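Observations on the three-dimensional arrangement
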Amino acid sequence: PFHPHPPHHFPVGRIGVAAVTAGPGVTNAVTAVKNAQMAESPVLLIGGAAASLQKGRGALQDIDQLSLFKTLCKACVSVRAVRDIVPALRKAIATAQSGTPGPVFVELPIDVLYPFHMVEKEIGGTKSGRGLRGKMVQWYLQNYIRNLFAGAWEPRDVSPLPVQVPLATEDEVGF
């Protein structure tokens, strides 16, 4: 578990980051995320998740992780394609630091993290289906893999997004 610090311990432009495994790793982080919320600490929690194809189908450690953090985090997002990893992380970091600082949660399903050749091998993208049903299933799985990795090798902007820090007006300060 990680232990967030009060906001005055984070220099401007810094953010706490924790990466945890799916299921128990994510659930064990709930108390720490609540502490980060109360301390107004900018924290990025990255959680693993079951493969996208297996979500909601009884996969090992498949729970609705986004619902766990919906009330604790400023933003919760599940990445559905490899090309969306960098944009999701950029936005999450900016969100954690903008306005009142606080925690954000980014869920990364395992099939988004593994290399193309491993996902293709595990899903069975190279086998030929037998019969109409087999061919339809094979078409679906191959299409799924193509969509999962579409645009993954295109260059992405990795520069930080601007952080929105509200400033007090003169009336609010009392001058």
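Our subject in this report is the structure included herewith.

Each value, and the rule that gives it
Residues numbered from 1 in each chain as written. Predicted model: local features only at pLDDT ≥ 70, side-chain atom pairs only at ≥ 80, totals over all residues. Heavy atoms only, no water. Helix = DSSP H or I, 4+ residues; strand = E, 2+ residues; numbered from the N terminus. Buried < 20%, exposed > 50% of the residue type's maximum accessible area, 1.4 Å probe, protein only. Contact = heavy atoms within 4.5 Å. Patch = residues over 30% accessible without salt bridge, like charges linked within 9 Å, V, L, I, M, F, W, Y side chains within 5 Å. Areas by Shrake-Rupley, 256 points an atom, 1.4 Å probe, with all protein chains shown as cover. Salt bridge = Lys/Arg side-chain N within 4 Å of Asp/Glu carboxyl O. Phe/Tyr/Trp six-rings, centres within 6.5 Å; stacked < 30°, edge-to-face > 60°. Core = buried A, V, L, I, M, F, W, Y, C linked by side-chain atoms within 4.5 Å. Pairing = 2+ DSSP bridges. Axes fitted to C-alpha atoms, helices over the stretch in contact; angles between N-to-C directions. Expected span 1.5 Å × (residues − 1). Arc of directions from axis to C-beta.

Some points on the overall build of the protein chain
- Helix and strand counts for the protein chain come out as 8 helices and 4 strands.
- Reading the secondary structure of the protein chain in the N-to-C direction produces β-α-α-β-α-β-α-β-α-α-α-α.
- Per-residue burial over the protein chain gives 39% buried out of 175 residues.
- Residue pairs in contact within the protein chain that sit at least 24 positions apart in sequence constitute 79% of those at least 6 positions apart.

Examining a nonpolar patch on the surface
- There is a patch of nonpolar side chains on the surface, built from I110, L113, Y114 and M118 and spanning about 340 Å² of accessible area.
- Considering the arrangement of structural elements, one finds Y114 in the loop between α5 (110-113) and α6 (116-123).
- Classification of Y114 by relative accessible area gives partly exposed; the value is 37%.

Notes on the packing of aromatic side chains
- Tallied over the full model, the rule gives 4 aromatic pairs.
- Ring centres 5.2 Å apart and planes at 85° place the aromatic pair F116 and F149 in the edge-to-face group. Taken together, the residues F116 in helix α6 and F149 in helix α7 (residues 131-149) connect sequence positions 33 residues apart.
- Judged by its relative accessible area of 30%, F116 is partly exposed.
- An aromatic cluster is built from F116, F149 and W153, whose rings are joined through pairwise contacts.

So, the nonpolar core
- Within the largest apolar cluster, 20 residues are counted, with the highest numbers of intra-cluster contacts made by V79 and I123.
- Per-element tally for this core: the top contributor is α7, with 5 residues.
- Ignoring anything within four residues of it in the chain, the contact list for I123 reads L53, L141, Y144 and I145.

Some details on the environment of K70
- Its location among the elements puts K70 in the loop between α3 (65-69) and β3 (75-78).
- Sequence separation between K70 and F105 is 35 residues; the distance between their C-alpha atoms is 8.8 Å.

Looking at the sheet that holds β3
- Spatial ordering of the open sheet is given by β1-β2-β4-β3, a layout of 4 strands whose pairing is parallel. With one partner strand each, in any of the chains shown, β1 (16-20) and β3 form the two edges of the open sheet. Ignoring strand direction, the axes of neighbouring strands in this sheet form an average angle of 15°.

Examining α7
- Counted at 1.5 Å a residue, the expected span for α7 with its 19 residues is 27 Å, and the 27 Å between its end C-alpha atoms agrees.
- Buried residues of α7: G134, Q138, L141, Y144, I145, L148 and F149, and no others. Down the axis of α7, the buried side of the element spans an arc of 120°, and every buried residue falls inside it. Seen from the open side of α7, the exposed residues pointing more than 90 degrees away from its buried face are L132, K135, M136 and W139.
- Residues of α7 that are buried sit in contact with α5 and α6.
- Positive backbone phi, at 75°, marks G151, one or two positions downstream of α7.

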